[in-house]
Amino acid sequence: MATITPTSVRGAGAPGTLTVTVLTASDTLVYKPTQSQVLILRNDTGSSKTVNIDGANATTISPSGYGGTISVAGGKDIVIADGASAFVRLSDIKAFLAGVIAITGGTGVEAMLIEQ
């Protein structure tokens, strides 16, 4: 289990180097709602992967105008074909990021977390 290490681009004026974490069966990341964070996932494993991002305390949300609740307890799945890359702004999926955040299903996928 590894924690995905963020690369800060705050104040970067020259080319920088991204910190790459190769995912295992279960990894973690730290969501910082006061910063702009983007998670990039690159899959060169030889097969499609479904990476699941799941906060331990994410349960339900009550969207305005919905008239009920929606479960977010199962986390957010991101499907990445072999040879493809995907990215997600963490603020766009913040409902899934409460508590300790586990990243599963992505063994061998490369993860890069950029924050500003």
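Residues numbered from 1 in each chain as written. Predicted model: local features only at pLDDT ≥ 70, side-chain atom pairs only at ≥ 80, totals over all residues. Heavy atoms only, no water.

Chemist: Give me the overall build of the protein: which residues, what numbers.
Modeler: If you tally the helices and strands in the protein, you get zero helices and eleven strands. If you list the helices and strands of the protein from N to C, you get β-β-β-β-β-β-β-β-β-β-β. Taking 116 residues into account, the globule formula puts the C-alpha radius of gyration at 13 Å, and the protein, at 15 Å, falls close to it. Taken over the C-alpha atoms alone, the protein extends approximately 45 × 35 × 25 Å along its principal axes. Burial statistics for the protein: of 116 residues in total, 32% are counted as buried. Across the protein, contacts joining residues at least 24 apart in sequence account for 78% of those joining residues at least 6 apart. Working note: accessible area of the protein is about 6300 Å², and carbon and sulfur atoms make up 53% of it. If you average the places of the 7 positive and of the 8 negative side-chain charges in the protein, the two averages end up 8 Å apart. (Helix = DSSP H or I, 4+ residues; strand = E, 2+ residues; numbered from the N terminus. Rg over C-alpha atoms; globule rule 2.2 N^0.38 Å. Buried < 20%, exposed > 50% of the residue type's maximum accessible area, 1.4 Å probe, protein only. Contact = heavy atoms within 4.5 Å. Areas by Shrake-Rupley, 256 points an atom, 1.4 Å probe, with all protein chains shown as cover. Lys, Arg positive; Asp, Glu negative; His and termini not counted. Charge placed at Lys NZ, Arg CZ, Asp CG, Glu CD.)

Chemist: Lay out the pairing of strand β10 (residues 101-104) with the relevant residues and their values.
Modeler: Across the two faces of β10 the burial differs, with I101 and I103 buried and A102 and T104 not buried at all. In this structure, strand β3 (residues 26-29) lies alongside β10, joined through four bridges in antiparallel fashion. In the strand pairing of β10, S26 is matched with T104. Where strand β5 (residues 49-55) and β10 come together, four bridges link them in antiparallel fashion. Residue N52 lies in a different strand from β10, and its bridge partner there is T104. (Pairing = 2+ DSSP bridges.)

Chemist: Lay out the nonpolar core in plain terms, naming residues and giving numbers.
Modeler: In terms of nonpolar packing, the biggest core is built from 23 residues, with I4, L39, L41, I53, L90 and I103 touching the most fellow members. Every element with two or more residues in this core is listed here: β4 (37-42), β5, β8 (76-80), β9 (85-89), β10 and β11 (110-115). Excluding anything up to four places from it in sequence, I53 contacts L39, G75, K76, I78, I93, F96, L97, I101, A102 and I103. (Core = buried A, V, L, I, M, F, W, Y, C linked by side-chain atoms within 4.5 Å.)

Chemist: Please set out the sheet that holds β10 residue by residue, giving values where relevant.
Modeler: Within a sheet, neighbouring strands are paired by backbone hydrogen bonds and run either parallel or antiparallel to one another. In space, the four strands of this open sheet follow the order β3-β10-β5-β8, with antiparallel pairing throughout. The open sheet terminates on both sides in strands that have one partner only, identified here as β3 and β8. Strand-to-strand, the axes of this sheet are offset by a mean angle of 25 degrees, without reference to chain direction. (Axes fitted to C-alpha atoms, helices over the stretch in contact; angles between N-to-C directions.)

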